[in-house]
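# An overview of the molecular structure
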Amino acid sequence: KAGVTQTPRYLIKTRGQQVTLSCSPISGHRSVSWYQQTPGQGLQFLFEYFSETQRNKGNFPGRFSGRQFSNSRSEMNVSTLELGDSALYLCASSLTGTSGPQETQYFGPGTRLLVL
Amino acid sequence: AQSVTQLGSHVSVSEGALVLLRCNYSSSVPPYLFWYVQYPNQGLQLLLKYTSAATLVKGINGFEAEFKKSETSFHLTKPSAHMSDAAEYFCAVSRSGTYKYIFGTGTRLKVLA
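This one's a predicted model, so the numbers in the text were calculated from it and none came from an experiment.

All right, on to the state of the cysteines then. Think of a disulfide as a covalent bridge from one cysteine sulfur atom to another cysteine sulfur atom. Counting across every chain of the model gives 2 disulfides over all chains. One disulfide in the model links A:Cys23 with A:Cys91; its S-S distance is 1.7 Å. Judged by the sign of its S-S torsion, about -50°, the cystine formed by A:Cys23 and A:Cys91 is left-handed. One end of the pair, A:Cys23, is in strand β3 (residues 19-24); the other, A:Cys91, is in strand β9 (residues 87-94), and 68 residues separate them in sequence. In this pair, the class of A:Cys23 matches that of A:Cys91, namely buried. Shown here is the disulfide that connects B:Cys23 with B:Cys91, its sulfur atoms set 1.9 Å apart. In this structure the cystine formed by B:Cys23 and B:Cys91 twists about its S-S bond by roughly -60°; its chirality is therefore left-handed. With a gap of 68 residues between them, B:Cys23 in the loop between β3 (19-21) and β4 (24-26) and B:Cys91 in strand β10 (residues 87-95) connect regions that are remote in the sequence. Residue B:Cys23 shares its accessibility class with B:Cys91, and that shared class is buried.

Okay, the pattern of salt bridges next. Oppositely charged side chains can pair when the atoms bearing their charge come close. Under the definition given, this model contains 8 salt bridges over all chains. We note a salt bridge from A:Arg55 to A:Glu48, for which the minimum N-O separation is 2.7 Å. In this structure, the salt-bridge partner of B:Lys78 is B:Asp85, at a minimum N-O distance of 2.9 Å. In terms of burial, B:Lys78 and B:Asp85 fall into one category: buried. Connected through shared salt-bridge partners, A:Arg63, A:Glu82 and A:Asp85 make up one network.

Next up on the list: the environment of A:Arg63. Residues and elements named next belong to chain A. With respect to the element layout, Arg 63 can be found in the loop between β6 (53-57) and β7 (64-68). Taking the C-alpha atoms as reference points, Arg 63 and Gly 108, 45 residues apart in sequence, are found 23 Å from one another. Beyond its immediate sequence surroundings of up to four residues, Arg 63 is in contact with Asn 77, Val 78, Ser 79, Thr 80, Leu 81, Glu 82 and Asp 85. A polar contact of 3.1 Å, which involves the side chain of Arg 63, links it to the backbone oxygen of Thr 80.

Conventions we followed
- Residues numbered from 1 in each chain as written.
- Chains lettered and ligands numbered in written order.
- Predicted model: local features only at pLDDT ≥ 70, side-chain atom pairs only at ≥ 80, totals over all residues.
- Heavy atoms only, no water.
- Disulfide = S-S within 2.5 Å.
- Helix = DSSP H or I, 4+ residues; strand = E, 2+ residues; numbered from the N terminus.
- Buried < 20%, exposed > 50% of the residue type's maximum accessible area, 1.4 Å probe, protein only.
- Salt bridge = Lys/Arg side-chain N within 4 Å of Asp/Glu carboxyl O.
- Contact = heavy atoms within 4.5 Å.
- Polar contact = N/O pair within 3.5 Å; in protein donor to acceptor, adjacent residues only side chain to side chain.

Set out below in structure tokens:
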């Protein structure tokens, strides 16, 4: 079974631009979560989608948004980029997203975004 | 509210020595606990998880962790470190029925030859 894939792997943008990142979950997984990883803040939860609906959102400004498609693929968008948005963005998928004995989040390799 | 504390942002051990990475959690109800490993320029890989079936959990690559409710701890151990274990390790917690995982700040393990 193929793992979680994220595209692109690396991205360089300038301040003020917007960016869209893509995540394809493991086949059969319906929940997709996004995390931002930075050296200073560690791993921070952005949001989680299930069946095209956002169920949970972290403490990030409205510039960060996402969506999920009917095939469970998800995109994350950041508008009006700031220098502080430079980070590794990780996507994780799981069967239902609801924590339980059979649930595990599987992570993709991440997209490294550099904002200049 | 849930939280996770990882003691020691950097840990160094000699090759062949015991690896001990500490994780304490704060949760009002029994949690699910996870250890993930991250190698440079890669995503997170699940090492092991505690789901209340057994307090001693064995994972991949020879790692194991013991859930101690009285100490609210879930420390990760490996009897003998290998150079390939050098990576960053994250402890995470979630509660049954929730969608959100809370991660610790990570411990970077260095293995000395």
